[in-house]
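Architecture and fold: a report
Spelled out, the chains give:
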Amino acid sequence: LAQAFGFGLIQRTHSDSRRHPHQPPAEMGRMYGNGKGMASSALPYRRKPPTWVKMKTEDVCDHICKLAKKGLAPSQIGVTLRDSFGIPQVRSVTGNK
């Protein structure tokens, strides 16, 4: 009955029919590589914290522990430290991740 209406067991999409059978599905990137273009975050070359960051390492670690105990994800902790306390990179202030 399903084949009578044109539905097979395997439905192919338009993009599946045009790609090579040995390539993974295209995700809008390079055809023969893993890169996806120039868009990426550019971290500063200097590994020291900026001169305008006045918080000490212990204070930053305390804030990280408080936010982690609240159940925030590491990315959310970084966003909170960036937006509320003006810390651009935690690694540059504390010396580790």
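All values reported here derive from a predicted model rather than from experimental measurement.

**Here we look at the confidence of the model for the chain**
Averaged over every residue, the pLDDT of the chain is 76; the share at 70 or more is 63%. Of all secondary-structure elements in the chain, the lowest mean pLDDT belongs to helix H1 (residues 14-18), at 53, while helix H2 (residues 57-69) reaches the highest, 93.

**Some details on the environment of Pro74**
For Pro74, the location among the structural elements is in helix H3 (residues 74-85). Residues Pro74 and Ile64, 10 residues apart in the sequence, show an inter-C-alpha distance of 8.9 Å.

**Considerations on the nonpolar core**
One finds Val53, Val60, Leu67, Ile77, Leu81, Ile87, Val90 and Val93 forming the largest nonpolar core, which totals 8 residues. Taken together, the elements giving at least two residues each to this core come down to H2, H3 and helix H4 (90-94). Contacts of Val53, omitting those with residues within four sequence positions, involve Gly86, Pro88 and Val93.

**Let's talk about the side chain of Ser92**
One can find Ser92 in helix H4. Of note is the side chain of Ser92, whose polar atom sits 2.8 Å from the backbone oxygen of Gln89. Ignoring any residue separated from it by four or fewer positions in sequence, one finds Ser92 in contact with Arg47, Lys48 and Pro49.

**What about the pattern of salt bridges?**
Counting across every chain of the model gives 1 salt bridge. With a shortest N-O distance of 2.9 Å, Arg82 and Asp83 are connected by a salt bridge. Asp83 gets classed as exposed once you look at its relative accessible area, which sits at 53%.

Calculation notes
- Residues numbered from 1 in each chain as written.
- Predicted model: local features only at pLDDT ≥ 70, side-chain atom pairs only at ≥ 80, totals over all residues.
- Heavy atoms only, no water.
- pLDDT = per-residue confidence, 0-100.
- Helix = DSSP H or I, 4+ residues; strand = E, 2+ residues; numbered from the N terminus.
- Core = buried A, V, L, I, M, F, W, Y, C linked by side-chain atoms within 4.5 Å.
- Buried < 20%, exposed > 50% of the residue type's maximum accessible area, 1.4 Å probe, protein only.
- Contact = heavy atoms within 4.5 Å.
- Polar contact = N/O pair within 3.5 Å; in protein donor to acceptor, adjacent residues only side chain to side chain.
- Salt bridge = Lys/Arg side-chain N within 4 Å of Asp/Glu carboxyl O.

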